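Descriptive structure summary
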Amino acid sequence: MVQEEDNDYLFKIVIIGDSAVGKSNLLNRFTRNEFTEKTKATIGVDFGTKSIEIENKVITAQCWDTAGQERFRAVTSGYYRGAVGAMIVYDITSKVSFKNVTRWLNELREMADPDILIMMVGNKSDLDSAREVSTQEAQSFAQSHKISFLETSALNSSNVNLAFERLLTDIYHHFG
Ligand code: GDP
Ligand code: MG
């Protein structure tokens, strides 16, 4: 966490989760209000920044996207260095991606700051007819792991800003 001025904070957030769950589109929706149908296979690390106001403070989120390194343990420790928040994303139409949230939590435990704030996001809520993970099941999981949870759609924008804002507010209250 870097405090630039009295009222300005820069928070690094990492976005993690299995491939194709919608991480890059969540980032693009939040930082640029854009969505793309086809997956862009970026190699390396991509990031986007956006400033929002929380409790009269200007908070700049620097959001890092794994961009093609989602294979378990392929993400390097540098990716997590300095991160104060993590968004773990699964796809509500993919049970496997939800099961793997446990792996991503373990990876955070090993590689990230022990105080990192975590928001679990069930993305693609617009595809309710193909749902494989119930809201209730995800909510119980989040509660038992003491992490925040929301369902989002990067496609129709549902809850995307809210998910980032909630995570940033949690971070501000903890680190700010
Ligand atoms: P990433 O590999 O986790 O970065 O996933 P991407 O952001 O590249 O998205 C993977 C695929 O899912 C792309 O075809 C996206 O268009 C699609 N996608 C992402 N978010 C959503 C969403 O909220 N709803 C729907 N229906 N499709 C989505
Ligand atoms: Mg991506």
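Residues numbered from 1 in each chain as written. Chains lettered and ligands numbered in written order. Predicted model: local features only at pLDDT ≥ 70, side-chain atom pairs only at ≥ 80, totals over all residues.

Per an unreviewed UniProt entry, the protein goes by the name Rab GTPase and belongs to Heterostelium pallidum. What UniProt states about the protein under its Subcellular location (unreviewed entry) heading is, verbatim, "Membrane". Heading Sequence similarities (unreviewed entry) of the UniProt record for the protein holds this comment: "Belongs to the small GTPase superfamily. Rab family." (UniProt positions renumbered as here; feature names shortened; annotations may be inferred.)

As a further point, take the nonpolar core. Grouped together as the largest cluster of nonpolar side chains are 45 residues, with contacts concentrated most on Ile13, Ile15, Ala86, Met87, Ile88 and Leu167. When contributions to this core are tallied by element, the ones reaching two or more residues are strand E2 (8–17), helix H1 (23–32), strand E4 (57–65), strand E5 (85–91), helix H4 (101–111), strand E6 (117–123), strand E7 (148–151) and helix H6 (160–175). Residues in contact with Ile88, not counting those within four places in the same chain, are Ile16, Gly17, Val101, Trp104, Leu105, Ile118 and Met120. (Core = buried A, V, L, I, M, F, W, Y, C linked by C-beta atoms within 7 Å. Buried ≥ 20, exposed ≤ 12 C-beta atoms within 10 Å, placed from the backbone. Helix = DSSP H or I, 4+ residues; strand = E, 2+ residues; numbered from the N terminus. Contact = placed C-beta atoms within 7 Å.)

Both E6 and E7 contribute to a ladder of 4 bridges, which runs parallel. Across the sheet, Met119 pairs through a bridge with Ser148, a residue of E7. Once the chain exits E6 it traverses helix H5 (residues 135–144) before rejoining the sheet at E7, and the crossover so formed is right-handed. (Pairing = 2+ DSSP bridges. Right-handed = clockwise from strand over helix to strand, strands pointing away.)

This next bit is on H6. Taking 1.5 Å per residue, 16 residues should reach 22 Å; H6 reaches 22 Å between its end C-alpha atoms and fits that length. The set of residues buried in H6 consists of Val160, Ala163, Phe164, Leu167, Leu168 and Ile171. Seen from one end, H6 has its buried residues packed into an arc of 120 degrees, which puts them on one side. Pointing more than 90 degrees away from the buried face of H6 are the exposed residues Leu162 and His173. (Expected span 1.5 Å × (residues − 1). Arc of directions from axis to C-beta.)

Attention now goes to the site of ligand 1. Around ligand 1 sit 18 residues in total, of which Gly22, Lys23, Ser24, Asn25 and Leu155 are the nearest. In terms of residues, the shell around ligand 1 owes the most to one element, H1, which gives 3 residues. Per-class residue counts for the shell around ligand 1 are 5 nonpolar, 8 polar and 5 charged. (Near = placed C-beta within 6 Å. Nonpolar A, V, L, I, M, F, W, Y, C, P; charged D, E, K, R; others polar.)

Look at any regular strand and the pattern is simple: side chains alternate between the two faces of the sheet. Summarising burial for E5: 7 of the 7 residues are buried, a large majority. Here E5 shows no split at all, with Gly85, Met87, Val89 and Asp91 on one side and Ala86, Ile88 and Tyr90 on the other all buried. Alignment of E2 against E5, held across 5 bridges, turns out to be parallel. Bridge pairing in E5 places Ile15 opposite Met87. Of the pairings in the sheet, the one linking E5 to E6 comprises 7 bridges and is parallel in character.

Moving on, we get to the environment of Leu150. Among the structural elements, Leu150 can be located in strand E7. In this structure, the C-alpha to C-alpha distance between Leu150 and Glu107, residues 43 residues apart in sequence, is 21 Å. Excluding anything up to four places from it in sequence, Leu150 contacts Val121, Asn159, Leu162, Ala163 and Arg166.

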